[in-house]
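Report on the structure
Below are the chains, spelled out letter by letter.
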Amino acid sequence: MVALLVLAFFLPLFPVDAVAQSVAAGLYNEANTHYRRGEYAEARDKYSQIAASGLHNAALFYNMGNANFKLERIGEAILWYERALRLAPRDADIAANVQFANLVKQDRDDAVGDNVVVAALGQAYRMPALNELTLAVSAALLAVTVLGIWRLWVPDRARAGWTLAMAAATTSLVVAGLFLSSRVFEAAGDEEAILTVASEIARSAPDTQETVVFVIHEGTKVAVHREEKGWVLIRLPNGLGGWVPSASVTVI
């Protein structure tokens, strides 16, 4: 299993139609060439330029994570893998690299957790991407609309079938709508971020003279509650919270 995970780092997703069709195609191809040659710093620089242009693409973010991992920038590698996973939650290569990078980082994620059932349910809940849920809601709404219009011409003998179809479409719309609303509400809450510096001291208040609460290391995922004068209040998966400098973490 570990061998398969390690192998994933040598298989960046080079062919990407969306990127190839964009104005960033030249930079992307240059970055891929640098990566193949083992010039990871140059590849990272090119991928960064594309990402800075505002392009959101899972394969680009995945390759960016790989370049950072090769440069032993574990925190940034995890950050970009997590960003890629949000765009392609069912991609096996991305998921494998997220898992492997989290095994390499210093801090373990001792979340509520460690409960396998809870972790599996959470993963299933986040499996559909938001754009996929939006598409599902749109499709269900379209089906309800079409069936509603079609009702005007449905003969009496077909009313039972129409009723069944309308019930199925309406149920799909309600379920998909509730699911999407739940995910949007969750996304509007605390932001998730990754510690991208080697280590950081979390304090009881936003000041370097305050009490040390805990120390975290590169690659740790945290929830960001609020920001105040260059500091952010973060919370670990186990519920422990503290203040760290804003520059220490990068929002996913």
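Right, let's walk through the structure included here. Residue numbers restart at each chain and count upward from 1, following the sequence in its written direction. pLDDT decides what is reported in this predicted model: residues at 70 or higher carry local features, side-chain atom pairs at 80 or more are listed and counted, and totals for whole chains, interfaces and linings draw on all residues regardless. Excluded from the side-chain calculation are hydrogens and water; included are all heavy atoms of the structure.

Some points on the pattern of salt bridges
Salt-bridge detection follows one rule: a side-chain nitrogen of Lys or Arg within 4 Å of a carboxyl oxygen of Asp or Glu. Under the counting rule described, the total for this entry stands at six salt bridges. A salt bridge links E132 to R90, with the nearest nitrogen and oxygen atoms 2.6 Å apart. On the criterion of sequence distance, the pair formed by E132 in helix α9 (residues 130-150) and R90 in the loop between α6 (74-87) and α7 (92-104) is long-range, its members being 42 residues apart. On the basis of relative accessible area, R90 is assigned to the exposed category, the value being 52%. A helix here means a DSSP run of H or I that spans at least four residues, while a strand means a run of E at least two residues long, and both kinds are numbered starting from the N terminus. Relative accessibility thresholds used throughout: buried, under 20% of the residue-type maximum; exposed, over 50%; partly exposed, between the two (1.4 Å probe, protein chains only).

Some points on the side chain of R83
By secondary structure assignment, the location of R83 is in helix α6. Charged residues are defined narrowly, with Lys and Arg counted positive, Asp and Glu counted negative, and His plus the chain ends left uncounted. Of the side chains with opposite charge, E76 lies nearest to the buried R83, which makes no salt bridge, at 8.3 Å.

Some points on the environment of R90
For the pair R90 and P128, spaced 38 residues apart in sequence, the C-alpha to C-alpha distance is 8.0 Å. The criterion used for residue contact is that any of the two residues' heavy atoms lie within 4.5 Å. Apart from the residues lying within four places of it in its own chain, the contact partners of R90 are M127, P128 and E132. Polar contact is the term for a pair of N or O atoms within 3.5 Å; when the atoms are in protein, one must be able to donate a hydrogen and the other to accept it, and sequence-neighboring residues count only if both atoms are side-chain atoms. A polar side-chain atom of R90 sits 2.6 Å from a polar atom in the side chain of E132.

Details of the packing of aromatic side chains
Two measures describe an aromatic ring pair: the distance that separates the ring centres and the angle between the ring planes. Whether two aromatic rings pair depends on their centres lying within 6.5 Å, for rings of Phe, Tyr and Trp, where Trp uses its six-membered ring; planes under 30 degrees apart make the pair stacked, over 60 edge-to-face, and the rest tilted. Across all of its chains, the model carries five aromatic pairs by this definition. Aromatic side chains Y35 and Y40 sit 5.1 Å apart centroid to centroid with 70° between the ring planes, which places their arrangement in the edge-to-face category. Classification of Y40 as partly exposed rests on a relative accessible area of 22%. Their ring planes at 50° and their centres at 6.2 Å tell us that Y62 and Y81 sit as a pair that is tilted. In this pair, Y62 sits in helix α5 (residues 58-70) while Y81 sits in helix α6, placing the two residues 19 residues apart along the sequence. You'll find Y62 and Y81 in the same group, each marked buried. When the ring centre of W80 is taken as reference, the NZ or CZ atom of R83 above it lies at 4.6 Å. In this analysis the charged atom, NZ for Lys or CZ for Arg, is taken to sit over a ring once it is within 6 Å of the ring centre and within 35 degrees of the ring normal. Residue placement shows R151 over the ring face of W162; its charged tip is 5.3 Å from the ring centre.

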